[in-house]
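# Examining the three-dimensional arrangement
For reference, the chains in residue letters:
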Amino acid sequence: AAAAAPRRRARAASGAMSSARTVCAVVGGLALFGLSAWLGFVLNVRHAPAAPTLRKTEHHGLRPPKPRAGRSKAAKADDDLDAAAADRHHLHAEPHSPELIQWGDWSAGGRFSKPAPASFASHQGAYPPLANLWDIVGRWNPDNVTIPVPFRETLAVLNFSDAAERDLAVEYRNAEVPFKIYDVPDVEAVRDLWSDGYLIEQFDDRHGAQFKVERSTNNHFMYWRSPSASGRKAYPDWEAPTDLVHSSFADWLHGARSADSNKPHHETEHRYLMMGTPPLSSLRRNGQVKRTHFVAKGLPCFTPQTENFFVTDIPHNKGIQCRFGMRGVIAEAHYDGGRNMVAMLRGAKRYILTPPTSCGRLALVADRKHPSFRHSITDWSHRDIEAEFSKPDARGIDTVVREGEILYIPSYWIHYIASLKYSIQCNTRSGSPPNGEGEEDIEKCMGGGNIQPNARGGGKPKKKKKLRGAAGFPMVPPGAAQKDH
């Protein structure tokens, strides 16, 4: 018995230790469970959405709630600003992006300035204030996409949601001079809606919107169309200035976003995406406009049931044309034969506008048979333009069209466009004004017969031919020197 006692004590100690280990394990498990629950609670609180005093929108940061007060009855009653559009109107806030229109601060913290709102008549014939073209491009070379701030706008810039300023905009439009407006409800809605994911869905996923992508060996893009039989005969050695390439929208978008970050040199490859909708007249069914394309749905002000501020001639409307630009892309100078409303829906573009009286200094292709008819073969970023651009009749105006603005370009005004970053621009054109402003100067410069018949407001609109393009570079009209990029 005496010998067995130590064994009993050892077994009891072993049992106590085993019980202690069991208790420790249970306590440890409970502690770990409690710790994990506490961490889960903390993490859940940290990642819970903030109170909805500020609403987050993709690519635009935080912006204050939509203002609803202060709406005039005139604004709500206007045919272009119904009550629903007025209720959803807002401006975006992204203080580190000067190319965007800021909420409650058009100037982007003083980086942009504009003239005070004034009637067209008050300028007494001195509007728009034109400057020498060489001074414009010499001061800011088009290959440089950095906005020189502070940037002083000399065009009239008017708030479309303000009834008084909207009336002023009508004066400028009827006078057939360029101006800009902002705070347009449909444009503000599209800025919210057209996120990267939404656009990829429209182009690549379920909807498959039609588009084309052009590729250039540098940042210059000359417009071209497939030559007709007479054009091939007149220009047998012509080659397309850009390639048509196969690309998904997502791939193109990745390249455009990367260009904003990597800032490629202007002599490297650039790509330009283009798409459009049918003319407004073809969308009408039984007196109603059938908007099935996502662009037409997003911009009903560009596809109205009846003529409005933006579309003044439905039979000669050309539909909506959209251009998706990457950083540095330049569209060579050209004119269009219709009143042109250009909406900047993403990013920013620089426009240099010149009146039809400057046509003779810009080396526009004057032969209608040429694939690049009415476009300039002059490289505005090269110093060899000084001789022509320094002449007294080479005049223009420089403007930065920022996201949220609409630029009005009158018929036959020549415009040169540079994309300052990833940008989306959609425009719609109506027929020429009733008084034919600009036609005489263009006919004098380009020769007789170069005004499109339907631009004058007579006859049926021409049916657009399907584009068939061949790759190649460069485009050089017979007898002209090759462009030096």
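Worth saying up front: this structure is predicted, and the values here are computed from it rather than measured.

### What about the overall build of the protein chain?
Helix and strand counts for the protein chain come out as twelve helices and 21 strands. Looking at the protein chain as a whole, 49% of its 485 residues are labelled buried. Put simply, 81% of the contacts in the protein chain that link residues at least 6 apart link residues at least 24 apart. Surface summary for the protein chain: the accessible area is close to 23000 Å², and the carbon and sulfur share equals 55%.

### A word on the nonpolar core
In this structure, Ile 181, Trp 194, Leu 199, Phe 310 and Phe 324 are the most contacted members of the largest nonpolar core, which totals 67 residues. With sequence-adjacent residues up to four places away left out, Leu 199 is seen in contact with Trp 194, Phe 249, Phe 294, Phe 324, Tyr 422 and Ile 424.

### Considerations on the state of the cysteines
Applying the stated criterion across every chain yields a total of two disulfides. Sulfur-sulfur distance for the disulfide between Cys 322 and Cys 426 comes to 2.0 Å. Sign of the S-S torsion, about 105 degrees for the bond between Cys 322 and Cys 426, identifies this disulfide as right-handed. Linking Cys 322 in strand 14 (residues 320-325) with Cys 426 in strand 21 (residues 423-429), this pair joins segments that are 104 residues apart in sequence. For Cys 322, a relative accessible area of 1% gives the class buried. Among the residues examined, Cys 426 registers a relative accessible area of 0% and is labelled buried. Two residues share a disulfide in this structure: Cys 359 and Cys 445, whose sulfurs sit 2.0 Å from each other. Negative torsions about the S-S bond denote left-handed disulfides, and the value of about -70 degrees found for Cys 359 with Cys 445 makes this one left-handed. Of this pair, Cys 359 sits in the loop between strand 17 (348-354) and helix 11 (386-389) while Cys 445 is found in helix 12 (residues 439-446), placing the two residues 86 residues apart along the sequence. Relative accessible area serves as the criterion here: at 1%, Cys 359 is assigned to the buried category. Disulfides within the protein chain link the bonded cysteines, taken in sequence order, as 1-3, 2-4.

### What to know about the environment of Val 145
Within the secondary structure, Val 145 is located in the loop between helix 4 (133-139) and strand 5 (151-152). Not counting residues up to four positions away in its chain, the partners in contact with Val 145 are Arg 327, Gly 328, Ser 419 and Leu 420.

### Things to note about the pairing of strand 20 (residues 414-419)
Counting buried positions over the six residues of strand 20 gives six, a clear majority of the element. Burial along strand 20 is two-sided: the residues Ile 414, Tyr 416 and Ala 418 and His 415, Ile 417 and Ser 419 are all buried. Where strand 15 (residues 330-334) and strand 20 come together, three bridges link them in antiparallel fashion. Bridge pairing in strand 20 places Ala 331 opposite Ile 417. Both strand 17 and strand 20 contribute to a ladder of six bridges, which runs antiparallel. Bridge assignment links Leu 353 to a residue of strand 20, and that residue is His 415.

### Regarding the sheet that holds strand 18 (residues 395-402)
Read across the sheet, six strands follow the order 4-18-17-20-15-9 without closing on themselves; strand pairing throughout is mixed. Of all strands in the sheet, those with a lone pairing partner are strand 4 (131-132) and strand 9 (220-221), marking the two edges.

### Re the pattern of salt bridges
Close approach of charged atoms lets side chains of opposite charge pair. All told, the structure shown has 15 salt bridges when counted by the stated rule. A salt bridge links Glu 403 to Arg 191; the shortest N-O distance between them is 3.0 Å. You can see Glu 403 sitting in the loop between strand 18 and strand 19 (405-409) and its partner Arg 191 sitting in helix 6 (residues 185-193), a full 212 residues away along the chain. When its relative accessible area of 0% is taken as the criterion, Arg 191 is described as buried. Through salt bridges with shared partners, one network takes in Glu 188, Arg 191, Arg 346 and Glu 403.

### Thoughts on the packing of aromatic side chains
Within the structure shown, the criterion is met by 28 aromatic pairs. Ring geometry for Phe 120 against Tyr 127: centres 6.4 Å apart, planes inclined by 90 degrees, an arrangement best described as edge-to-face. Overall, the relative accessible area of 25% leaves Phe 120 in the partly exposed class. Note on Tyr 127: relative accessible area 7%, which makes it buried. Taking 5.1 Å as the distance between ring centres and 70 degrees as the angle between the ring planes, the aromatic pair formed by Tyr 127 and Tyr 172 counts as edge-to-face. In this pair, Tyr 127 sits in the loop between strand 3 (112-113) and strand 4 while Tyr 172 sits in helix 5 (residues 163-174), placing the two residues 45 residues apart along the sequence. Judged by its relative accessible area of 1%, Tyr 172 is buried. Aromatic rings pair up to connect Phe 120, Tyr 127, Phe 160, Tyr 172, Phe 179, Phe 302, Phe 309, Phe 310 and Tyr 408 into one cluster. Taking the ring centre of Trp 106 as reference, the NZ or CZ of Arg 402 above it sits at 4.5 Å.

### Some details on the confidence of the model for the protein chain
Across the protein chain, pLDDT averages 80, with 71% of residues at or above 70. The secondary structure element of the protein chain with the lowest average pLDDT is strand 2 (residues 61-63), at 32, and the one with the highest is strand 19, at 98. Every residue in residues 41-96 is under pLDDT 50, and counting partners more than four places away or in other chains gives 96 contacts. Every residue in residues 454-485 scores below 50 in pLDDT, and together they form 74 contacts with partners more than four places removed in sequence or on other chains.

### Some points on the sheet that holds strand 14
Strand order across the open sheet formed by nine strands is 6-7-19-16-21-14-11-8-10, with mixed pairing between neighbours. Bordering the open sheet on either side are strand 6 (157-159) and strand 10 (243-245), each of which pairs with just one other strand. Each adjacent strand pair in this sheet contributes to an overall mean axis angle of 25 degrees, direction not counted. Bridge count between strand 8 (residues 212-216) and strand 10: three bridges; the pairing is antiparallel. When the bridges of strand 10 are listed, Glu 214 appears paired with Leu 244. Its contacts with the sheet put helix 9 (residues 249-262) on strand 8, strand 11 (270-276) and strand 14, and the angle it makes with strand 11 is roughly 135 degrees.

The rules we used
Residues numbered from 1 in each chain as written. Predicted model: local features only at pLDDT ≥ 70, side-chain atom pairs only at ≥ 80, totals over all residues. Heavy atoms only, no water. Helix = DSSP H or I, 4+ residues; strand = E, 2+ residues; numbered from the N terminus. Buried < 20%, exposed > 50% of the residue type's maximum accessible area, 1.4 Å probe, protein only. Contact = heavy atoms within 4.5 Å. Areas by Shrake-Rupley, 256 points an atom, 1.4 Å probe, with all protein chains shown as cover. Core = buried A, V, L, I, M, F, W, Y, C linked by side-chain atoms within 4.5 Å. Disulfide = S-S within 2.5 Å. Pairing = 2+ DSSP bridges. Salt bridge = Lys/Arg side-chain N within 4 Å of Asp/Glu carboxyl O. Phe/Tyr/Trp six-rings, centres within 6.5 Å; stacked < 30°, edge-to-face > 60°. Lys NZ or Arg CZ within 6 Å of the ring centre and 35° of its normal. pLDDT = per-residue confidence, 0-100. Axes fitted to C-alpha atoms, helices over the stretch in contact; angles between N-to-C directions.

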